[in-house]
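# Structural overview
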Amino acid sequence: MQNTHSRSPGMRALWLLAPGQVISWGTLYYGITFLAQPIQTSTGWSLPGIFGAYSAGLLLAALCAPLAGQLLARHGGRWGLSLGSVLASLSLAGLAAASGPYTFLLAWLLAGVAMALTLYEAAFTALHEFAHTEFRRAMTLLTLVGGFASTVFWPLSYWLEGLWGWRLTLLGYAALHVLVCLPLHRALPRVVPAVAATEVSPADMPWMQMLRSPAYWGLAVAIGMTALLGGTLSAHAGLLLADRAVSPTLIMLSVTLFGPMQVAGRLLDMLLAQRLSVRWSGYVAHLMLPTAMVLLLLAKQAPWLAVLFACLYGASNGVLTIVRGMAPAELLGSANYGVALGWVSAPGLFARALAPAMAAYGLAQWGGSATLLGLTCLGVLGWAAFVFAYRARPATAPLHRVQAKQT
């Protein structure tokens, strides 16, 4: 007997969205890792300039996140993600054809707009149109698949660059968005949202009112703080571990554990979803981050703690992806989910773009111990802000469900 889950609209949407997440993250976010050095060698452009253009794209993605959320909420994920695929293809083709630093920068700015319309926030909004009661499970599965983006595209970028060169590699990535992502996104059904409940919850608020909500600001600060911490570790984990006098072997083991533990955290969240609410998952995951930082601080005395740090950080980061996707619906209303997700995601996207440079400055000025202490404080502040967000949630009846009519 066929599993009913596999026939549900949410599961069908999930498998249409999942390949696009791997390709979008792999080409727009992770692709630069192994292509920056060949670009520098081939063109003579400076590495800071190359990564500066990439950071500018990330910053523009943050600026566009609220607008992208409103567009997706108004026109549906099918339209928004399809547009994102077209822009991603054009931006990657522009990067491949760039003749100077300025055209390279313009292409990355276009890629930033594409990121706002193709990465997790956009996919979560599209998934929310269909999944309803299955939303948490479907989101977890989507992030499990999306988590393989770096695993696939880091070695693929290295291999293709050696075979074709960086320009043809980027053209190949542009083709993936047109030939794979665009048809899959166009295959999503058209959706006309319609509120089934007769009562409109006060939590389902217009975006201007949402911005005056204490719950919004608590959630936005929590996401921003954890993004600063995560962005710092993504860029400087090796340096921070080395500063703790951890051996090269343990450093490699620790950073290798980030990905698998992220997957493990998401699997555990899926297994416990019926028993553990999003609120309590968020409490635990946010508290794990400063705990992981304390373990890293202590690793100078006991280097084996670096492995435990990696396990806690990876698992926490994996669960927080789910929490960031679910909490806006609980705190700010399910009817305006796409708008709410866009606005609460913007601080995190800004933080993720700025974190590597800010952390590099902190390491140079104050050293590893002070930087880790600062990261610990950021983690505690993120936990406190998340707790505040749920305590400030408007006292309402249970959020109504958004029904969708497929056409």
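Residues numbered from 1 in each chain as written. Predicted model: local features only at pLDDT ≥ 70, side-chain atom pairs only at ≥ 80, totals over all residues. Heavy atoms only, no water.

## Observations concerning the environment of Leu-188
The residue Leu-188 is located in the loop between helix H10 (166-186) and strand S1 (191-195) in this model. Aside from chain neighbours lying at most four places away, what touches Leu-188 is Ala-13, Leu-16, Leu-17, Gly-77, Arg-78, Leu-81 and Phe-130. (Helix = DSSP H or I, 4+ residues; strand = E, 2+ residues; numbered from the N terminus. Contact = heavy atoms within 4.5 Å.)

## Some remarks on the pattern of salt bridges
In total, this model carries two salt bridges according to the counting rule given. A salt bridge links Asp-269 to Arg-136, with the nearest nitrogen and oxygen atoms 2.9 Å apart. With Asp-269 in helix H13 (residues 248-271) and Arg-136 in helix H8 (residues 135-146), this pair connects stretches of sequence that are 133 residues apart. In this structure, Arg-244 and Asp-243 form a salt bridge, with 2.9 Å as the shortest nitrogen-oxygen distance. (Salt bridge = Lys/Arg side-chain N within 4 Å of Asp/Glu carboxyl O.)

## Quick look at helix H2 (residues 9-29)
The first and last C-alpha atoms of H2 sit 29 Å apart over 21 residues, in line with the 30 Å expected at 1.5 Å per residue. Along H2, the sharpest change in direction is near 30° and occurs at Leu-17; proline Pro-19 comes one to four residues later. (Expected span 1.5 Å × (residues − 1). Bend = angle between axes of the 7 residues up to and from the residue.)

## With respect to the packing of aromatic side chains
Overall, the coordinates contain 21 aromatic pairs when judged by the stated rule. On the numbers, 6.0 Å between centres and 75° between planes, the contact of Phe-34 with Tyr-158 is edge-to-face. Here Phe-34, found in helix H3 (residues 32-43), pairs with Tyr-158, found in helix H9 (residues 149-164); they are 124 residues apart in sequence, far enough to count as distant. Of the residues examined, Phe-34 reaches a relative accessible area of 35% and is grouped as partly exposed. Residue class for Tyr-158 comes out exposed when judged on its relative accessible area of 59%. Plain terms: the ring middles of Phe-153 and Tyr-173 are 5.4 Å apart, the flat faces sit at 70° to each other, and that makes the pair edge-to-face. Highlighted residues: Phe-153 in helix H9 and Tyr-173 in helix H10, separated in sequence by 20 residues. With respect to class, Phe-153 is no different from Tyr-173; both count as buried. Through successive ring pairs, a cluster of aromatic residues spans Trp-25, Tyr-29, Tyr-30, Tyr-54, Trp-108, Tyr-120, Phe-124 and Trp-154. (Phe/Tyr/Trp six-rings, centres within 6.5 Å; stacked < 30°, edge-to-face > 60°. Buried < 20%, exposed > 50% of the residue type's maximum accessible area, 1.4 Å probe, protein only.)

Read these as geometric descriptors, not functional statements.
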